Each structure stands twice: as C-alpha cells, then as structure tokens.
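Chain and residue survey
Listed below, chain by chain, are the residues.
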Amino acid sequence: MARTARIPDWIRKLPLLCLAMVLLEGCATVPVELAPPEAILRQDNELGRRLAKRLESEVRMKSDLELAVYLRTVAERLVLGTRDLAYSPVGVFLVDDVERRWHWFSLPGARIYLPKSILPVIEYENELAAMIAVELGHVWRRHVALRLEGNTFGNHAYTGFIYDPDVEESGSTVLGR
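Residues numbered from 1 in each chain as written. Predicted model: local features only at pLDDT ≥ 70, side-chain atom pairs only at ≥ 80, totals over all residues. Heavy atoms only, no water.

**Points about the overall build of the protein chain**
Across its full length, the protein chain holds six helices and six strands. Counting from the amino terminus, the protein chain carries its helices and strands in the arrangement α-α-α-β-α-β-β-β-α-α-β-β. When each of the 177 residues of the protein chain is scored for burial, the buried share is 32%. Relative to all contacts within the protein chain whose residues are 6 or more apart in sequence, the contacts with residues 24 or more apart total 54%. Of the roughly 12,500 Å² of accessible surface on the protein chain, a fraction of 60% belongs to carbon and sulfur atoms. (Helix = DSSP H or I, 4+ residues; strand = E, 2+ residues; numbered from the N terminus. Buried < 20%, exposed > 50% of the residue type's maximum accessible area, 1.4 Å probe, protein only. Contact = heavy atoms within 4.5 Å. Areas by Shrake-Rupley, 256 points an atom, 1.4 Å probe, with all protein chains shown as cover.)

**What to know about the side chain of Asp44**
Position of Asp44 relative to the elements: it lies in helix H3 (residues 37-58). The exposure class assigned to Asp44 is buried, which follows from its relative accessible area of 8%. What Asp44 contacts, discounting residues up to four positions off in sequence, is Pro108, Gly109, Arg142 and Ala145.

**Brief notes about the sheet that holds strand E1 (residues 61-62)**
Taken in spatial order, the four strands make up an open sheet running E1-E2-E4-E3, and their pairing is mixed. Looking at strand neighbours, the two that pair on one side only are E1 and strand E3 (105-107), the edges of this open sheet. The strands touched by H3 within the sheet are E1, strand E2 (91-95), E3 and strand E4 (111-115), with E4 carrying the most contacts at an inclination of about 30 degrees. (Pairing = 2+ DSSP bridges. Axes fitted to C-alpha atoms, helices over the stretch in contact; angles between N-to-C directions.)

**Points about the pairing of E2**
Counted residue by residue, E2 has four buried out of five residues, so it is predominantly covered. The sheet contact formed by E1 and E2 spans two bridges and is antiparallel. Along E2, the bridge assignment pairs Met61 with Val95. Judged from the five bridges that link them, E2 and E4 form a sheet pairing that is parallel. Each residue of the ladder has a partner; that of Leu94, found in E4, is Leu114.

**Focus on the packing of aromatic side chains**
Aromatic ring pairs are described here by two measures, namely the spacing of the ring centres and the angle between the planes. Across all of its chains, the model carries two aromatic pairs by this definition. Within the aromatic cluster, the residues linked to one another by ring pairs are Phe93, Phe105 and Tyr113. One Lys or Arg, Arg141, reaches over the ring of Trp140 and ends 5.4 Å from the middle of that ring. (Phe/Tyr/Trp six-rings, centres within 6.5 Å; stacked < 30°, edge-to-face > 60°. Lys NZ or Arg CZ within 6 Å of the ring centre and 35° of its normal.)

**Notes on the packing of helix H4 (residues 65-80) against helix H5 (residues 125-140)**
In contact at an axis separation of 10 Å, H4 and H5 are set at 60 degrees when each is read in the N-to-C sense. Comparing the axis directions of H4 and H5 gives the class oblique. Crossing handedness for the pair H4 and H5: right-handed. For the pair H4 and H5, contact is made by Tyr70, Leu71, Val74, Ala75, Arg77, Leu78 and Val79 and by Glu125, Leu128, Ala129, Ile132, Ala133 and Leu136, respectively. Tallied by class, residues from the contact of H4 with H5 come to 11 nonpolar, no polar and two charged. (Parallel < 35°, antiparallel > 145°, perpendicular 65-115°, else oblique. Left-handed = near helix turned anticlockwise from the far one by under 90°. Nonpolar A, V, L, I, M, F, W, Y, C, P; charged D, E, K, R; others polar.)

**Digging into the packing of H3 against helix H6 (residues 143-150)**
Running from N to C, H3 and H6 point in directions that differ by 85 degrees, and their axes come no closer than 11 Å. Considering their axes alone, H3 and H6 lie roughly perpendicular with respect to each other. Here H3 contributes Gln43, Asp44, Leu47 and Leu51 to the contact with H6, which in turn contributes Val144, Ala145, Leu148 and Glu149. A class-by-class count of the residues in the contact of H3 with H6 yields five nonpolar, one polar and two charged.

Spelled out as structure tokens, the structure:
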C-alpha cells in the first residue's frame, strides 16, 4: 500500500493567509481626497492658457485657417471618444520650425503643437491621428501639470525655454528642447 504525503496545515492555509494580508493592507491605506474633475479641468485649462501665451510669443506659429480647421476636426473626433476629455476644448497648432528641431508636444488644456515640417512626411490621416492621440494621452494623464506640481522638470534633463512665473521660486521650467 502506497503512502501519500500529508500536506501540513500551514501550507494549506497559506492562500487564505495571503488573501487576509492583502485585505488588511487595503484597510491600512489613508484615503486621499481628490479635487472634483471639473476643478482640475478648469485649473489645467488656465495653466495651459498661461503656458501657451508664453510659448506662442517665443516661437513662430504657422497660420493656415483651412489646415487649422482640419487638424482641429481630427483632434475633436479623438476627444469625443474619451469620457474624460469629451467636453474639453482642443486645439492643434503648427510651429513654423525653420531649423527642424521641434517634436510634437502638448500643454494642459488640450493644446497640441506639431512641427510644420512633419506634414509632408505624413501620408495618411491615421498617422496624424496617432500623433495627436499620443499627445491627448499626455493631456489626459496630466503629465505637464503633474510635473509642474511636483517640480520634476527642475534642472534635470529639461533645459526649457518656457518659464512659468507662478512657480518662479521653485525654478521650474516647463518645456524642454
């Protein structure tokens, strides 16, 4: 007659013990009060307005009404597909980058900047939509706003050209080259 190995009780109870530890850990966390989404959206839009004003005073912007309407239409179709950004105004702007040193980027308040030099390279609308969607993802996740709040732009890899006067004492720069 073959003997079967008996599993110790503590090993059989291990999954239950792990589950209890996970549940207790969840109870030990401190709840964080978040601002209402509308307040965050208002705050981000105001921050974006200030930063855009500064940016647009320092770089040459391409103005082409027909192209601007088309870019905004592409962006609005993408925004309507997201619950959190569905009611945000969105703007897509072209930077006249004579030196071809610009990449695309975004600012809070759904402001997206594309280099004019990228347009001849784009073959299909979905390529343009992908670029805009990536930048909308940065807006949605609040990357610039959170970096300003946490001052992680600082003097690390970002030697920016836009300076936010509201964070003057922290020395934060906002956009890098």
